[in-house]
Amino acid sequence: MLDIRRIRTEADAVKAALARRGIDTSDIDRLVQLDGRQRQLASERDELRSQIKAMSKQVGLLRRDGKAEEAEAAQQESRDLGDREQGLAGEAATVAEEIHDLLLRVPNTPSDDAPDGGSDADNPVLRVQNFDPDSFGEHQRIPHWELGTRYGILDNERAVKISGAMFTMQRKGGATLARALLQYALDRNAHRFEEVRPPTLVTSETLTATGQLPKFADDAYHLERDDLWAIPTAEVPLTSIHRDEILDAADLPMRFMAATSCYRREAGSAGRDTRGMLRTHEFDKVEVFAYVAPEQAEEQLGEMLEGIEATIADLGLAYRVLDICTGDMGQSHHRSFDVEVYAPGTDQWLEVSSVSWFSDYQARRGNIRYRPGSGGTAMVHTLNGSALAVPRVWAAIVETYHRADGGIDVPDVLLPYFRGSDRIA
RNA sequence: GGAGCGGUGGCAGAGUGGACGAAUGCACCGGUCUUGAAAACCGGCGACCUGCAAGGGUCCGAGGGUUCGAAUCCCUCCCGCUCCGCCA
């Protein structure tokens, strides 16, 4: 969430920044108004409390000195002050609640560097790598779900029987490929990031810190009896590792990575990309994450993007990098880049990674601070990126590595994970 | 799930209705001493809100309640430990 002090002192600048997302900014006006009222109420209450405290001390002294009548009078006066204070407290609680609810729903302000735009159609393509459209043969122009069925490495029919629509199951070399990709991505990043196996069922507080709650509750799986949520990405538990803590500046940046299953209800997506495994309710992903001091954020962002590009490039896949525009950014994002791989079978660019800088938006929601050299405490910045989202990379590999004479090769960098085989199928 | 015991500052740990935001120790920071360091000694040392400042206010797991006054009493919940049950 945004800093209420920033909203108070720079309301116009905040509104201008949010307007670049193409959203209504009347919430900011309302927040400024509520904030003024809250501050007024707080100062009145502080004054009353101060009087009550002084009065109570006097009561104690009077009673000790045996002056019962005077003590009784002071008690009565203190009671009256207490009643007034109660009234103010009630109003203050109402105002505080409205402020909190509003703040949780106001999105992050985009970075000045983020390009303007209204939708994903406006995202500038920063670069295209390894891509030559004429290099693909007819045998590579077959969608992965056809190849998957042909070679028995994808069995979605049975996945649907087991779990319903939009679930997927890989078998044999296809299953090996999915697991190999996870291990490959972890190994690629192990020199920079601490490996973590976090819980994948989390509390509402955890899901609120990253921004999925309260606005996007419908997108997540909820286990009602236990009030737990299935994570949509490892970003969720990783961000909450140090929630409600104050970090030592010397420890920053702190970097974590995790391979987890991710669960998404994907409401409203039926009918598009539902074949194969491009869009499913459950998939595996390796996520990289960092807590940094604000001045370290841009460098960390560049480093993450670079690492992710190298991971994809070394798999021998064509990819491109998009600079996400203000109209397409997620609620919590301050700056964001997408990496898309080229899937020849369907002639599509598939989003396999999103590298994002959240400024202090998530840190404030999760109360994650550090002690800067200047003294006191300040909010950290958080960043994360998908190091490798398995299903779409799986699809691109199966299509790209399909041989003209039949069979599917293992990309060189994955050979160590294939038990001596050099064939996926 | 049942029974018992707990939850206090970075850590350990006192405090069971009245000057407690909280003793003490450790850790940490500054200083004295020393060629340097250690030791010793002196001083400092929580977070947050508000205010130009002086100051005022909030926070002892969370939320409610009793009281003139709550870390302290009562209720609910959460978490931890021990034992039992169950279990990969």
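Note that the coordinates shown come from a computational prediction; the quantities given were computed from them, not determined experimentally. (Residues numbered from 1 in each chain as written. Chains lettered and ligands numbered in written order. Predicted model: local features only at pLDDT ≥ 70, side-chain atom pairs only at ≥ 80, totals over all residues. Heavy atoms only, no water.)

## Quick word on the environment of Leu61
So, step 1. Note that Leu61 resides in helix α3 (residues 26-64).
So, step 2. Residues Leu61 and Ala258 lie 197 residues apart in sequence; the distance between their C-alpha atoms is 61 Å. (Helix = DSSP H or I, 4+ residues; strand = E, 2+ residues; numbered from the N terminus.)

## A word on the protein's contact with RNA strand B
So, step 1. In the vicinity of RNA strand B there are 18 residues, among which Asp46, Arg63, Ser78, Arg79 and Thr377 approach most closely.
So, step 2. When atoms of RNA strand B within 4 Å of the protein are split into backbone and base, the sugar-phosphate part holds 73%.
So, step 3. Taking Arg5, its side chain carries an N or O atom lying 3.0 Å from a phosphate oxygen of RNA strand B.
So, step 4. At 3.2 Å, a side-chain N or O of Ser50 approaches a sugar or linking oxygen of RNA strand B.
So, step 5. When residues of the surface near RNA strand B are traced back to their parent elements, those giving at least two are α1 (4-9), α3, α4 (68-105) and β12 (369-371). (Near = heavy atom within 4 Å. Polar contact = N/O pair within 3.5 Å; in protein donor to acceptor, adjacent residues only side chain to side chain.)

## So, the pattern of salt bridges
So, step 1. With the rule as written, the count across this model stands at 25 salt bridges.
So, step 2. Of the charged contacts, one joins Arg8 and Asp35 as a salt bridge, the two residues approaching to 2.7 Å between their closest N and O atoms. With Arg8 in helix α1 and Asp35 in helix α3, the pair connects residues that are 27 residues apart, well separated along the chain.
So, step 3. Of the residues examined, Arg8 reaches a relative accessible area of 32% and is grouped as partly exposed.
So, step 4. Among the salt bridges present, the one from Asp360 reaches Arg364, with a minimum N-O distance of 3.2 Å. (Salt bridge = Lys/Arg side-chain N within 4 Å of Asp/Glu carboxyl O. Buried < 20%, exposed > 50% of the residue type's maximum accessible area, 1.4 Å probe, protein only.)

## Details of the packing of α3 against α4
So, step 1. Where α3 meets α4, the axes come as close as 8 Å, and the angle between the chain directions of the two elements is 160°. Comparing the axis directions of α3 and α4 gives the class roughly antiparallel. The way α3 lies across α4 gives a crossing that is left-handed.
So, step 2. Of the residues that constitute the contact of α3 with α4, the class distribution is 19 nonpolar, six polar and 14 charged. (Axes fitted to C-alpha atoms, helices over the stretch in contact; angles between N-to-C directions. Parallel < 35°, antiparallel > 145°, perpendicular 65-115°, else oblique. Left-handed = near helix turned anticlockwise from the far one by under 90°. Nonpolar A, V, L, I, M, F, W, Y, C, P; charged D, E, K, R; others polar.)

## Looking at the pairing of strand β10 (residues 335-343)
Each regular strand shows side chains that alternate between the opposite faces of the sheet.
So, step 1. The element β10 is largely enclosed, with a buried count of nine among its nine residues.
So, step 2. Bridge count between strand β9 (residues 319-323) and β10: five bridges; the pairing is antiparallel. Opposite Leu322, over in β10, you have Asp338 as the bridge partner.
So, step 3. Two strands pair when backbone bridges link them, and β10 and strand β11 (residues 348-357) are joined in this way by nine bridges, in the antiparallel orientation. Paired with Phe337 across the strands is Val355, a residue of β11.
So, step 4. Here β10 folds back onto β11, and the loop between the two strands holds four residues, one of which, Asp347, carries a positive phi near 55°. (Pairing = 2+ DSSP bridges.)

## Quick notes on the sheet that holds strand β14 (residues 381-389)
So, step 1. Pairing is mixed across the open sheet formed by eight strands, whose spatial order is β1-β9-β10-β11-β14-β8-β7-β2. The open sheet has two free edges, formed respectively by β1 (125-129) and β2 (194-195), since each of these has just one partner strand.
So, step 2. Where helix α7 (residues 172-189) meets the sheet, it contacts β2, β7 (254-263), β8 (282-292) and β14, and its direction lies at approximately 10° from that of β8.
So, step 3. On top of the sheet, helix α12 (residues 390-400) reaches β8, β10, β11 and β14; it is set at about 35° to β14, its chief contact. (Contact = heavy atoms within 4.5 Å.)

## A closer look at the sheet that holds strand β6 (residues 246-248)
So, step 1. Taken together, the three strands give an open sheet; going across it, the order is β6-β12-β13, and neighbouring strands pair in mixed fashion. On the outer flanks of this sheet lie β6 and β13 (378-379), each paired with one strand and no other.
So, step 2. The sheet contact formed by β6 and β12 spans three bridges and is parallel. Following the sheet pairing, Leu247 is matched in β12 by Tyr370.

## Quick look at the domain arrangement of chain A
So, step 1. Here the domain parsing of chain A yields domain 1 (4-105) and domain 2 (120-424).
So, step 2. Computed from C-alpha coordinates alone, the two centres of domain 1 and domain 2 are separated by 44 Å.
So, step 3. Tallying the contact residues gives four residues for domain 1 and eleven residues for domain 2.
So, step 4. Summing both sides of the interface, domain 1 and domain 2 together bury roughly 740 Å²; the carbon and sulfur share of this comes to 46%.
So, step 5. Sorting the residues of domain 1 by area buried against domain 2 places Arg21, Leu104 and Arg105 first, and these three jointly supply 82% of that buried surface.
So, step 6. On the surface where domain 1 and domain 2 come into contact, there are zero salt bridges.
So, step 7. In this structure, the connection of domain 1 to domain 2 is made through seven residue pairs in polar contact (both at pLDDT 80 or more).
So, step 8. Counted by class, the side of domain 1 that touches domain 2 contains one nonpolar, no polar and three charged residues. (Domains from an automatic or database assignment. Buried area = accessible area lost by both parts, 1.4 Å probe.)

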